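Here is how the chains run, residue by residue.
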Amino acid sequence: MSDLMHATQADEARKPPRHDWSLGEIEALFALPFNDLLFRAQQVHRAHFDANAVQVSTLLSIKTGACPEDCKYCPQSGHYATGLDKEKLLEIEKVVAQAKAAQEAGASRFCMGAAWRSPREKDLDVVLEMVSQVKALGLETCMTLGMVDGAQASRLAAAGLDYYNHNLDTSPDYYGEIITTRTYADRLETLANVREAGMKVCSGGILGMGEAPRDRAALLQQLARLEPHPESVPINMLVKVPGTPLENVEDLDPIEFIRAIAVARILMPASHVRLSAGREQMDESTQALAFLAGANSIFYGDRLLTTGNPQATRDRALFAKLGLHPERRSTCQDDAQQQSSLEGALARQTSQARSAALAYDATQA
Ligand code: SAM
Ligand code: DTB
Ligand code: SF4
């Protein structure tokens, strides 16, 4: 690539976000030589973010299993025998205790997920109380409760919910292979209700469900069509859970996964792109490539909803190794406290690792 081309692309990286990407344009990005694609994604990333800052969220399942939906990837669907222990809606105190623990470990956002098609009114009352108590700790709040109508979205927003997560999951064409109990249009309607109520939108999808490359491009096209773009875009690698219809689906090549992260970064330049589920099965190099491709958010803590996530100590070691730091929140009163807890944990771990390395050197000498 010539210097002139690099300069033109650097200008392009600062252009306002677009919502009209054609499938052909997106497929052309996917088809770029890998190094060119990553370079371009880095330029866009650096034009909008501190490239070494990563937003850190912790997840909690507040109501587990027996879901009436038939999402073929999901261990919580009541349609499949996955051996999961079902749980009723957790008590508010337990949720707040978990949120405090996540905050002490350094998370800035607490995401609560329920295996519902949509919340019932009596459950919503409890959930609203959870939102206000978790928010009162000084954490950002996120919930994923299934479909919500306009009135439910407004009540969640009024309780102080910052983000609502609802994924498009895959392309419109492939969607029917994965879920039959609700439509793509239903999902778009929930996202519109969330936006209308004034909350921030968290929406992404899952890769590695046997979809074609074109489906990955079409999923990202749908997300980029949302106006404004979702503030948060989780890109999940399928976690293959025994008992689900997708347990034996072929692995997605990690390089294809990284390409999708890079394309998401280019299409949605100011959004946080989350390297979401699937990190436990990923090696450090793949995760490092994902950060290089523009991912700047993770789930932190030993569990996702029902499946595992890398141990917090492993993530702190990875941050130290890569020179990453937790993103500083702009609106949080307890900013300094949040920052110091994860950075403090990071610093302690780094100095322990250094002492261990020195001790090792000493024995070699
Ligand atoms: N029931 C709500 C819903 O579907 O909107 C909220 C919880 S649901 C578990 C949240 C998201 O988790 C799904 O939309 C899907 O993208 C993701 N997910 C579920 N199972 C997964 C798996 N096995 N691997 C990767 N992502 C998964
Ligand atoms: C998202 O996109 N991924 C998270 C969160 N949003 C709710 C959930 C991942 C779930 C992985 C399977 C499990 O742990 O049950
Ligand atoms: Fe239910 Fe959500 Fe799982 Fe689908 S993804 S089965 S809606 S918990």
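Along each chain, numbering runs from 1 in the same order as the chain's sequence is written. Throughout, the order in which chains and ligands are written sets their labels, letters from A for the former and numbers from 1 for the latter. Only residues with pLDDT of at least 70 are given local features in this predicted model, and only at 80 or more are side-chain atom pairs given and counted; all residues enter the totals for whole chains, interfaces and linings. Here the side-chain values reflect all heavy atoms present in the structure, with hydrogen atoms and water set aside.

Participant: Which residues make up the overall build of the protein, and what are the values?
Facilitator: Within the protein, the secondary structure is distributed over 13 helices and ten strands. Within the span of the protein, comprising 365 residues, buried residues form 55% of the whole. Per-residue and other accessible areas follow the Shrake-Rupley method at a 1.4 Å probe size, with only the shown protein chains counted as cover for residues. For the protein, the accessible surface area stands at approximately 15,900 Å², while carbon and sulfur atoms represent 52% of it. In DSSP terms, a helix is any run of H or I states spanning at least four residues, a strand is any run of E spanning at least two, and both are numbered starting from the N terminus. Each residue's exposure class comes from its accessible area (1.4 Å probe, protein chains only) as a fraction of the maximum for that residue type: buried when under 20%, exposed when over 50%, partly exposed otherwise.

Participant: How would you explain the site of ligand 2 if you had to name every residue and give the values?
Facilitator: Proximity criterion: a residue is near a molecule or strand once any of its heavy atoms comes within 4 Å of it. Near ligand 2, the surroundings consist of 13 residues, among which N167, N236, L305, T306 and T307 are the closest. Two N or O atoms form a polar contact when they lie within 3.5 Å of each other; inside protein one atom must be a possible hydrogen donor and the other a possible acceptor, and for residues adjacent in sequence the pair counts only when both atoms belong to side chains. With respect to ligand 2, the side chain of N165 contributes an N or O atom lying 3.5 Å from a nitrogen atom. Note that an oxygen atom of ligand 2 is positioned 2.8 Å from one of the side-chain N or O atoms of T307. Calculation on ligand 2 without its partners gives an accessible area of 400 Å², and the protein chains cover 88% of this total. All residues other than Ala, Val, Leu, Ile, Met, Phe, Trp, Tyr, Cys, Pro, Asp, Glu, Lys and Arg, Gly among them, are scored as polar; the first ten of these are nonpolar and the last four charged. Its residues assigned to classes, the shell around ligand 2 shows six nonpolar, seven polar and no charged.

Participant: Account for the environment of A41, with residues named and values stated.
Facilitator: Mapped onto the elements of the fold, A41 is located in helix 3 (residues 34-48). Residue classification places A41 among the buried positions, given a relative accessible area of 0%. With 226 residues separating them along the chain, A41 and L267 place their C-alpha atoms 9.3 Å apart. Every residue pair with non-hydrogen atoms within 4.5 Å of one another is taken to be in contact. Residues contacting A41, with those up to four places away along its chain left out, are A262, R265, I266 and A293.

Participant: Talk me through the layout of surface pockets; I want residue IDs and the actual numbers.
Facilitator: Of the volumes computed, that of the largest pocket is approximately 430 Å³. For the lining of the largest pocket, the elements supplying multiple residues, two or more each, are strand 1 (53-63) and helix 4 (92-105). Per-element tally for the lining of the largest pocket: the top contributor is helix 4, with five residues. Class assignment of the residues belonging to the lining of the largest pocket gives a composition of twelve nonpolar, six polar and five charged. Points on a 1 Å grid, built from protein atoms alone, make a cavity when a 1.4 Å probe fits but cannot get out and make a pocket when they are open with protein on both sides within 12 Å along at least 5 of 7 lines; residues with an atom within 4 Å of a point are the lining residues. Grid points are joined across faces, edges and corners, and a volume is the space filled by probe spheres set on the points.

Participant: Give a description of the packing of helix 3 against helix 10 (residues 254-267) that names residues and reports values.
Facilitator: Note on definitions: angles span 0 to 180 degrees between N-to-C directions of axes, and those axes are lines fitted to C-alpha atoms, for helices only across the stretch in contact. One can describe the packing of helix 3 onto helix 10 by two numbers: an axis separation of 9 Å at closest approach and a directional angle of 35 degrees. Relative to helix 10, helix 3 is oriented so that their crossing is left-handed. Only I255, I258, R259, A262, V263, R265 and I266 of helix 10 make contact with helix 3, whose side of the interface consists of F34, L37, L38, R40, A41, V44 and H45. Of the residues in the contact of helix 3 with helix 10, the class split is ten nonpolar, one polar and three charged. Take the far helix as the reference: if the near one is turned anticlockwise from it by less than a right angle, the crossing is left-handed, and if turned clockwise, right-handed.

Participant: Now, about the site of ligand 3: what can you tell me, with residues and values included?
Facilitator: Taken together, the neighbourhood of ligand 3 is formed by C67, E69, C71, Y73, C74, S77, A115 and R182. To be counted as sitting in a cavity or pocket, a molecule needs more than half of its atoms within 2 Å of that site's grid points. Mapping ligand 3 onto the cavity grids shows that it belongs to the largest cavity. Across the shell around ligand 3, the residue classes break down as five nonpolar, one polar and two charged.

Participant: How would you explain empty space enclosed by the protein if you had to name every residue and give the values?
Facilitator: Applying the stated rule across the entire model yields one cavity of 30 Å³ or more. Estimated volume of the largest cavity: approximately 850 Å³. For the largest cavity, the lining is made up of 39 residues, of which Y73, C74, Q76, N167 and L305 are closest to its centre. Of all the secondary-structure elements, those providing two or more residues to the lining of the largest cavity are strand 2 (109-114), strand 3 (140-144) and strand 7 (232-237). Classifying every residue of the lining of the largest cavity by side-chain character gives 22 nonpolar, twelve polar and five charged.

Participant: So what about the nonpolar core? Which residues, and what values?
Facilitator: The tendency in soluble globular proteins is for nonpolar side chains to be buried side by side. I62, Y73, M143, L145, L156 and F257 are the most contacted members of the largest nonpolar core, which has 95 residues in total. Leaving out residues up to four positions away in the same chain, I62 has contacts with K88, L89, L90, V95, M112, G113, A114, V127, M130, M143 and L145. Buried residues of nine kinds, namely Ala, Val, Leu, Ile, Met, Phe, Trp, Tyr and Cys, make up a nonpolar core once their side-chain atoms join them within 4.5 Å. By size, the runner-up hydrophobic cluster in this structure holds nine residues, among which are C142, Y163, V241 and A277.

Participant: Provide a residue-level description of the packing of helix 9 (residues 213-225) against helix 10, including the pertinent values.
Facilitator: The N-to-C vectors of helix 9 and helix 10 enclose an angle of 25 degrees; their axes lie 10 Å apart at closest approach. When the axes of helix 9 and helix 10 are compared, the pair comes out roughly parallel. Along this stretch, helix 9 crosses helix 10, giving a crossing that reads as right-handed. Residues R216, L220, Q221 and A224 of helix 9 form the contact with helix 10, whose own contacting residues are E256, A260, V263, A264 and L267. Tallied by class, residues from the contact of helix 9 with helix 10 come to six nonpolar, one polar and two charged. What sets the label is the angle itself: under 35 degrees gives roughly parallel, over 145 gives roughly antiparallel, 65 to 115 gives roughly perpendicular, and the rest give oblique.

Participant: Let's hear about the environment of G150: which residues, and what values?
Facilitator: Examined against the element boundaries, G150 turns out to sit in helix 6 (residues 150-158). Placed 44 residues apart in sequence, G150 and V194 show a C-alpha to C-alpha distance of 7.4 Å.

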